[in-house]
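Descriptive structure summary
The primary structure of each chain is shown beneath.
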Amino acid sequence: MTNLTGWDKFILILVIIGALNWGLIGFFRFDLVAAIFGGQLAAVSRAVFAIVGLAGLWAITLLFRNQHRNA
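The structure presented is a predicted model; accordingly, all values stated were derived computationally and were not measured. (Residues numbered from 1 in each chain as written. Predicted model: local features only at pLDDT ≥ 70, side-chain atom pairs only at ≥ 80, totals over all residues. Heavy atoms only, no water.)

**Here's the deal with the environment of Phe30**
Looking at the secondary structure, you find Phe30 in the loop between helix H1 (6-28) and helix H2 (32-37). For Phe30, a relative accessible area of 38% corresponds to the partly exposed category. Contact partners of Phe30, with chain neighbours within four places excluded, come to Asn21, Leu24, Ile25 and Ala35. (Helix = DSSP H or I, 4+ residues; strand = E, 2+ residues; numbered from the N terminus. Buried < 20%, exposed > 50% of the residue type's maximum accessible area, 1.4 Å probe, protein only. Contact = heavy atoms within 4.5 Å.)

What follows is the structure, encoded as structure tokens:
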């Protein structure tokens, strides 16, 4: 695996939070983000969902980063 920057580690933490939230939804029908921030339609919840989604997109680049450095 490539050396991760502080930003990359932060992104991975957000992706893990998102994955754990999806696991809670799938297994227990409990949305932790919505419960903390006032429901799925609350502005803060939607912002958290959007930020986690963007983190997921950034995390895709981590899959290919090592290949570019070795090429």
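**What to know about the environment of Asn3**
Counting through the fold element by element, Asn3 comes out in the segment before H1. Using a relative accessible area of 66% as the deciding quantity, one classes Asn3 as exposed.

**Here's the deal with the pattern of salt bridges**
Counted according to the given criterion, the structure contains one salt bridge. Measuring nitrogen to oxygen at the nearest pair gives 2.4 Å for the salt bridge that ties Asp8 to Arg65. With a gap of 57 residues between them, Asp8 in helix H1 and Arg65 in helix H3 (residues 43-70) connect regions that are remote in the sequence. Of the two residues, Asp8 and Arg65, neither departs from the other in class, the shared state being buried. (Salt bridge = Lys/Arg side-chain N within 4 Å of Asp/Glu carboxyl O.)

Scope: geometric values only; no functional claims are made or implied.
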